[in-house]
Each structure stands twice: as structure tokens, then as C-alpha cells.
Amino acid sequence: QADFLLVQGPLAGRPSSCPAALSGQLRPSPRYMDVDIAESVKMTNKRVKLYDLNDDGEWDDKGTGYIEVVPTTAAGGDSDYLVVRNEENNQELLRTKVLALDQYTRQGESIITWDEETEGQAVGTFALSFQHREGLKEFWDHLTGEGRPAPPPEEQYILDLPTMNNIGSLAKALSTLPFSNRERAAAECMSEAFVTRLVNIFSTCEDCGARTELTYLYQLVKSMFLLCQAPLIVRLLRDDVYKDIFGILEYDDGLCESKRILHRQFLAGTVEYKEPVKIEDAKLKERIHMNYRLMYLKDCALPRVLDDSAFACLSQIIFSNTDIILKELQASSSFLDMLFEQMAQDDQCLSFVRELFAVSRTMLAINRPSILDSMGQRGLLAVLYSRLSVKATTEASRLVRNAAMDILQVALTHHVAMVRKHVADEAAESGRSPFLAMLIQLLTDEDCGIQGQAADGLRLFVDTSPGAQGCSGAKDALYDSGLFDDLVAPLKTNVNDADERDLNCRQLICEIVAMCVSQCATRVRPLAQRNALIQRVCKVASTTSNKPLILATIRFFRACLASGCEWFARGLVQQDVFKVLIRIFDGNQRFARGNLVQSALLDLLEFVQRTNVSFVAEHLCTVHASDLEKYRSRYETVDKLFQKHEENKEFKARSKPEASGSSGKRSPGKTSDDEGEAAYFEGDDDAAQADPSPAPAEESQGQAAPKPQLGGLLAGYQDDDENEADQQKKADSPTKNEAMSVDQAGDGEPPRDSSDADGRHARKKARTDDHPGVAADAASAKTAETEEL
């Protein structure tokens, strides 16, 4: 019996009542009194009384007999027959074709009725009254097919069982089925009777070459998949029927015959199931096969007709199956141990691990590292090192290296902490990580695909963004063991524009080094100085015409400016990098609408103007003024750069008189007491208490060594006059970034504070004049504190 609920809905068009004779119990026949008890019970369940509805609306008793269903083959016709034989003389009381299920009506627990029709005309109404209710149940099972239970009274099925005559109407009914009935319809389609008949009809139609019926079958099966019911989809792809289902899907009426895919031929001949390590669990193996069929159905058999809901349903089933498969494989320690034992000799094991890692991308992020850790603990990275460190000489070895590189890329993408820990352990043990050295060496590989994957892995490895794990030991292995020198070594040779592999290698190195500079400038600085990195990259930019490589060098220079380390920015000026960049900019002006190189260079100039790197802006607007002046009217970025340079010059001019007052020379009219008072008011209590020692000699050259500062009563005091003065200073001075950048320019540039020491002294002097009582208290406190000290 099937384990699903039956659909409901009252039947109409049947006699509303039956004579009292139909509801009474039939008397047992004396003919079978001597029969075996089991056989007697079986025959009793088949004992019925036949009634015919006359013209007066009364039921005529046609006799008592036994009912049976004669199959099509035995009946010699085109359908099954219902036969009622007299219990006395075994003569037929009734022989009629078995009708569609919705033509029968159950009344009570032991009576069914139906109308007989000939060529669409009603010829009579019959009723069968069973002696026992179990008889009706058994008869209904035979009538509807084995495994399909009878619906409860006053309920009916949504769908008929498929036959040669009704598969077209079934396909149409399924395609127009309301959403609320989808689950019930799917439950009916899952029954063994429905599936068995569907497969038998397909075999018959294919043997007979019935193209129309085969098309109807395709539409029916397609509609069954589009019901988006996971149990039904899984049932149709089980081992016993999946070949026939894919055979039905070959007859797609939306494609011409030359474009149709022979799914059965592909699944039986082309697809090869390989099992490098024996999987003992039969259910797990069946789930693996099911997952492959689901993916084939989604990607090859039905991609043209799947709607969003059906696609999502299939994807969800695949996702759930994949998660279960991976969890069970991970939980099997014996399987993993055997896998890594064979991996050293069998390349199929490596291909299996690659496929395992590929499908692990669909796992939940919280579960993914667990399977990678299980592999890492068994020496996965050591196996990858042994395969990647050997150059490929044959096609087979090239495929093995590609598989190992794919595995490494997945590990770096989804669990880079495992790789960083391995590298840090190697560096701590021997001072240099062979695995990281191999990864850097792959940047010069002959295969550009391997180069790109290695570069992606290195970017993930050197990423020190917040949240990255295991960065400390990994950075030490890269920057402190000489591997960074190996990384930039290819930049020291001349560029060959004809060698695509060399150009790709240099481009990837420039991008990786740019990332290192932007994230860890302080550690890269001595290495860049030792390898003349800026000079090498500038030479690459000046000697190549390859635009991707030029863009990579521009990104490196942009990273130098944005690193926050002044050494890199001044290195660009000293090496006259902007001369090369302007020449590249001039060479790309033949494009009327611009191009990517122009946009990258304009972005670099905009960054200089926006962040106000003053000495770089001064270099551009003085040394290269003649080259950039011609672009002021065309590019707003260049014009803003010149405007920012003029603002910086004006700011310097305003700041020079104030800066001269803060020099070591004593201004006229000032006394030592005045200077001491100014030092008192300008002093920082916290700074004075934290570090009362005098400044170094080189810092105070030309000035009197300042006295230890003491906290005063006016510390942090402000009044309205000072607030107005501060607001005026902020309005006249540049922003914080501008002041910081201008201060980096060197001699003659304004200090970080927008006013000198004498100016502050004058304001505080005026403040004490306005409040003499406060000043007196401050002086007294100063004297007391000095004596105590």
C-alpha cells in the first residue's frame, strides 16, 4: 500500500440512493461449504450481487456471483475487462470494459456504481454490492492497479492511471494543475501503479514507433518534474526507472530530431563511474549516483524548460545530497586513511580529491573548513608539493599538476589559515618554507593558467585584512627568509614583449608586490630598497607597450602613494617616475574618447590632489609643468592639481612670517622671564610629567633648552576670543590631510600647528590680562610647585 493521503472530492452524476436489498448481507452459498477455510474467505470477499437500474428508477436484481478482472492479454482486447460469473452455473452475468477510475462511485462501504456508455451514449447503470467491505477494497486494488489504494468514500483521484489513450489529456491536466493540488498529484504519480504503467507504455510506444504518443509522454514527464516535488523527482530517478525516464526526455517536441540529445546512450556509454577507493556504504553510493543524475537532469536534459521554482527545487536537492555525502565521507576515518595511502601512487585519488573539493564549495561556510582540516591533518599539502614541484613533461603529468593546483586554490580560497600554518611551521623548522618557495616559482611556469592560479593563491596568502587568520608567521616566512627577493627577481631582466608568458609573469608580480606595499609597507620598505624595486618597475613601464603590464605598474605606483610611508612617495619623485607616466599619458592621446590607461593615470593624479601629497604635487606642477599645462583645459583633474599646488604655495607664504618667530633667536623686546612665562602657558601637563628630561641636542640646536614644564591652573582653559581665533585659523589653514602632507615637504614648509609659539603666548597673555586674579593664582601655584620640586 502506498503511504500517502488520497485526494478528496465528491463524485456527481450517480444514483443518490440504492435499494434496501443492496445494503443487506448476502447469504453464503452452500456450494462452497466444503472448501478450505482460507480459500473460502478469499472467494467470499469476491462474492457480489449485481443490480441494474431500470427505466422506472428501480434496481433490478441480476443475480449473485463472483467478480474478477480479466487482463488485456487474456481478454484478447485493447483493455481490461470486468467479469461477474453466476455462483450457481458459472455463467457470465456481466462483461464490461474497465473504465477510468473517475467513472466509478463508491456508496457506503461495500457498494460501487457506474454508467455504461456506447459511443458516448448511456446504455445503463449498474451496481455491485459486495458481501464484505474487504471485497470492495481488494476489487479496487485490482481495478486501479497494484499498489494504488482505494480512496475513502466520497473521495476521488485527481489523475487517472496512464493509458495509451489518455496520456495526452494527463499531460494537459498536469500542466494546468492548480498550485494547491500539486502535492496530491505528485503523490499519485509516485505510486507504483502509475510509474509501472508509464514505463510500460513508453516501451510499447517506442517499439511501435508511435511518435505522437512519445511526444505526449515527454510532455507528461516534463510536467511531472515541473511540479517541483522533491519525493517525486527522486522516485523518477531511481535505479529501476531512470533509464526509461531519460529515454522519454529524448523525445523533446521543441527540438528537431537532429538536435535531440540521446541521454541513454550518453549515460550508458560515455559516463564512466570510477571508484579509486572502495566505498562500502551502499546507500552512500546510491546517493552519489542520484546526485549525478540530478545534476545531469538540471544541466543537460531539462535546462531549456525549467522555470525558476523547478530550478531552485533541483538545486536544493543537489545541495542537500552533497552536504550529506561530504559529511559521511569526512566521518569515515578508514576511507580517508586508505585514500591518502593510495594517493602517492594513484593519480585517480588526486582527481577524486579535486572533485571532492570542487563540490565542497557548495557546503555551508561553517562546515567547509572541517573537511579541509581532515585532509590537511593527513598530509594533503605535502602531497600537493610533491606534484607541483615537478615540471610537466607529458599530457598525463600536466593533468596531474592541474588537479593539484585546483585543490590548492580551493584550500587557499576557503581555508587559507591551514596553508599559512603549514608555511609558518616549515619556516620555523628550517628557516625557509619550501612550499611557499614552490608557490612563488609557479609564477614563472610555462602554463599561463598555472601562473594565474599561483598569483591568486599568493594574494590570498599575503592578505592581512582584518579577520585574516595566521598572518604573523606567514609574513615572517615571506619577508624575513629571502623569498621576497625571489618574488621580484624576474623584474630585474629586460622585458620581451614577444613572450606572452614573460609579460603575464611580470604583470602578476607587479600586482602582488602592490598588494604587499599597500598592506605591509614598513616591512616591504627595506626589501624594496635592497632590490631597487621602484627603479625596476619604472624600467618595466618605460620599456613595454603591453597595456595590461602598464596598468599593473600604475597600480603599483598608486599603492606606493597610498601606503602612508613617505619613503615610497619620495622614491617616485627621486626616480622621476612621473616622467615615464606622462610620456605614457601622451602616447595614449590618439584615442579621442580615452582608454583604460588614461583613466588609471588620471586616477593617480586625482589621488595626489585629493590627499594633498604636497611635495609630489610640487614636483608635478614645477618640473613637469610644461607637459601637464596643455591638459588643464581638457581634464578637470589636471586643473584641480594645479589649483591645489597654488593653495599650498599661498599657505607656505602666509606661514613663513609666523615660522620665523618660532626660531631659536630671541625676538626684540623679549626677556627670559617672558620666555619662561610663555613656556609655562604652552606646557602640556601630561607630557611634562611623563617625560621631564630635556630634548636631544640635535633637536634643540640654535635654541635654549626648554625648562621642565609644570601643570598650571589654566590648562585646557578657553574663552570666546580664543574660539574665534581658532575658527579663523581653521578657515585660513588647509584640512588635516593637507596640513599633514604639506608638513612632509621639508624646509620652508609650515609646521603642523597653524600658529607659532609667540602667537600662542600673546593670546594667553591677553587672556591673563582679562582675568588678573586667575593669573595671580597661577603664578602662586607655579612658585609653590617649583619650590616643592
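Quick caveat: nothing in here was measured; it's all calculated off a predicted structure. (Residues numbered from 1 in each chain as written. Predicted model: local features only at pLDDT ≥ 70, side-chain atom pairs only at ≥ 80, totals over all residues. Heavy atoms only, no water.)

A. Highlighting the overall build of the protein chain. When helices and strands are tallied, the protein chain shows 39 helices and seven strands. Every one of the 789 residues in the protein chain was classed for burial, and the buried ones make up 42%. Within the protein chain, counting contacts between residues at least 6 apart in sequence, those at least 24 apart form 66% of the total. As displayed, the protein chain has an accessible area near 41100 Å², and 49% of this comes from carbon and sulfur atoms. (Helix = DSSP H or I, 4+ residues; strand = E, 2+ residues; numbered from the N terminus. Buried < 20%, exposed > 50% of the residue type's maximum accessible area, 1.4 Å probe, protein only. Contact = heavy atoms within 4.5 Å. Areas by Shrake-Rupley, 256 points an atom, 1.4 Å probe, with all protein chains shown as cover.)

B. Molecular detail of helix α12 (residues 282-301). For α12, with 20 residues, the first-to-last C-alpha span of 26 Å sits near the 28 Å given by 1.5 Å per residue. Turning to α12, its buried residues are Leu284, Met290, Asn291, Arg293, Leu294, Tyr296, Leu297, Lys298 and Ala301. Turning to α12, the residues buried within the fold contact α8 (211-225), α9 (230-236), α10 (242-248), α11 (263-270) and α13 (308-331). The backbone nitrogen of Lys283 lies 3.1 Å from a side-chain oxygen of the residue at the head of α12, namely Asp281. (Expected span 1.5 Å × (residues − 1). Polar contact = N/O pair within 3.5 Å; in protein donor to acceptor, adjacent residues only side chain to side chain.)

C. The confidence of the model for the protein chain, seen in detail. Overall, the predicted model of the protein chain reaches an average pLDDT of 76, with 72% of residues at or above 70. Across the protein chain, element-level confidence peaks in helix α27 (residues 547-562) with a mean pLDDT of 93 and bottoms out in helix α1 (residues 20-23) with 36. In this model, residues 663-725 is a region of pLDDT below 50 whose contacts with residues beyond four sequence positions or in other chains number 57 contacts. A low-confidence stretch, residues 727-776 (pLDDT under 50), is modelled with 76 contacts involving residues beyond four sequence positions or located in other chains. (pLDDT = per-residue confidence, 0-100.)

D. Seen up close, the packing of aromatic side chains. Scanning the entire structure with this criterion turns up 12 aromatic pairs. Seen from their ring centres, Phe246 and Tyr296 are 5.5 Å apart, and the 70° between their planes marks the pair as edge-to-face. Of this pair, Phe246 sits in helix α10 while Tyr296 sits in helix α12, and the two are 50 residues apart along the sequence. With a centroid separation of 5.0 Å and 85° between ring planes, the pair formed by Trp567 and Phe568 is classed as edge-to-face. Classification of Phe568 by relative accessible area gives buried; the value is 0%. The ring of Tyr242 carries the charged tip of Arg293 above its face, separated from the ring centre by 3.8 Å. Sitting over the ring of Phe615, Arg570 keeps its end group 4.1 Å from the ring centre. (Phe/Tyr/Trp six-rings, centres within 6.5 Å; stacked < 30°, edge-to-face > 60°. Lys NZ or Arg CZ within 6 Å of the ring centre and 35° of its normal.)

E. Structural view of the side chain of Thr125. Turning to its location among the elements, Thr125 is positioned in strand β7 (residues 121-130). Here Thr125 falls in the buried class, since its relative accessible area comes to 13%. Only 2.8 Å separates the side chain of Thr125 from the side chain of Asp115, close enough to count as a polar contact.

F. Broad picture of unusual backbone geometry. Residue Asp576 is not a glycine yet carries a positive backbone phi of 55°. Mapping Asp576 onto the fold places it in the loop between α28 (566-574) and α29 (577-587). On the accessibility criterion, Asp576 (25% relative accessible area) is partly exposed. The backbone of Asn612 shows a phi angle near 55°, a positive value even though the residue is not glycine. Tracing the backbone through its elements, the reader meets Asn612 in the loop between α30 (596-611) and α31 (614-622). For Asn612, a relative accessible area of 0% gives the class buried.

G. Molecular detail of the side chain of Thr637. Positionally, Thr637 belongs in helix α33 (residues 636-661). The contact partners of Thr637, leaving out residues within four places of it in the chain, are Leu602, Leu605 and Glu606.

H. Fine view of a negative patch on the surface. There is a patch of like negative charges on the surface, built from Asp55, Asp56, Glu58 and Asp60. Overall, Asp56 belongs to the exposed group, its relative accessible area being 67%. (Patch = residues over 30% accessible without salt bridge, like charges linked within 9 Å, V, L, I, M, F, W, Y side chains within 5 Å. Salt bridge = Lys/Arg side-chain N within 4 Å of Asp/Glu carboxyl O. Lys, Arg positive; Asp, Glu negative; His and termini not counted. Charge placed at Lys NZ, Arg CZ, Asp CG, Glu CD.)

I. Structural detail: the pattern of salt bridges. If you walk through the whole model with that rule in mind, you get 38 salt bridges. Of the charged contacts, one joins Asp323 and Lys327 as a salt bridge, the two residues approaching to 3.2 Å between their closest N and O atoms. With a gap of four residues between them, Asp323 and Lys327 both fall in helix α13, about one helical turn apart. A relative accessible area of 13% places Asp323 in the buried class.

J. Molecular detail of the environment of Ala455. Along the chain, the position of Ala455 falls in helix α21 (residues 448-462). Exposure remark for Ala455: the relative accessible area of 0% places this residue in the buried category. As a C-alpha pair, Ala455 and Cys505 span 50 residues in sequence and 9.1 Å in three-dimensional space. Discounting chain neighbours no more than four positions away, the residues touching Ala455 are Leu443, Leu508 and Ile512.

K. Just the nonpolar core, in detail. The biggest cluster of nonpolar side chains holds 126 residues, and the ones touching the most others in it are Leu436, Phe484 and Phe556. At 11 residues, helix α24 (residues 500-519) tops the list of elements feeding residues into this core. Here Phe556 is in contact with Cys510, Val513, Ala514, Val517, Leu533, Ile534 and Val537, once residues within four sequence places are set aside. Counting 52 residues, the second largest nonpolar core, distinct from the first, contains Val195, Leu214, Cys228 and Tyr242. (Core = buried A, V, L, I, M, F, W, Y, C linked by side-chain atoms within 4.5 Å.)

L. The pairing of strand β3 (residues 81-86), seen in detail. Counting buried positions along β3 yields five of six residues, so the element is predominantly enclosed. Sheet analysis places β3 next to strand β4 (residues 92-97), joined by five bridges and oriented antiparallel. Residue pairing for β4: Val83 is matched across the bridge by Arg95. In sequence, β3 turns back onto β4 through a hairpin of five residues, with Asn90 there showing a positive phi of about 65°. (Pairing = 2+ DSSP bridges.)

M. Up close: the environment of Leu198. Structurally, the position occupied by Leu198 is in helix α7 (residues 192-208). Considered as a pair, Leu198 and Ile167 are 31 residues apart in the sequence and their alpha carbons are 9.0 Å apart. Apart from residues no more than four positions distant in its own chain, Leu198 is found in contact with Pro162, Leu217, Leu220, Val221, Met224, Ile245 and Ile248.

N. Spotlight on the state of the cysteines. In total, this model carries zero disulfides according to the counting rule given. Residue Cys313 stays outside any disulfide, its sulfur separated by 5.5 Å from that of Cys228, the closest cysteine. (Disulfide = S-S within 2.5 Å.)

O. Expanded view of the environment of Glu134. Mapped onto the secondary structure, Glu134 falls in helix α4 (residues 133-144). Sequence separation between Glu134 and Ser110 is 24 residues; the distance between their C-alpha atoms is 8.2 Å.

P. Representation of the packing of helix α26 (residues 533-543) against α29 in the model. Viewed as axis vectors pointing N to C, α26 and α29 meet at an angle of 20°, and their least axial separation amounts to 10 Å. When the interaxial angle is binned, α26 and α29 end up roughly parallel. By crossing handedness, the relation of α26 to α29 is classed as left-handed. Judged by residue contacts, Ile534, Cys538, Ala541 and Ser542 of α26 engage Val577, Val580, Arg583 and Ile584 from α29. In terms of residue class, the contact of α26 with α29 is made up of six nonpolar, one polar and one charged. (Axes fitted to C-alpha atoms, helices over the stretch in contact; angles between N-to-C directions. Parallel < 35°, antiparallel > 145°, perpendicular 65-115°, else oblique. Left-handed = near helix turned anticlockwise from the far one by under 90°. Nonpolar A, V, L, I, M, F, W, Y, C, P; charged D, E, K, R; others polar.)

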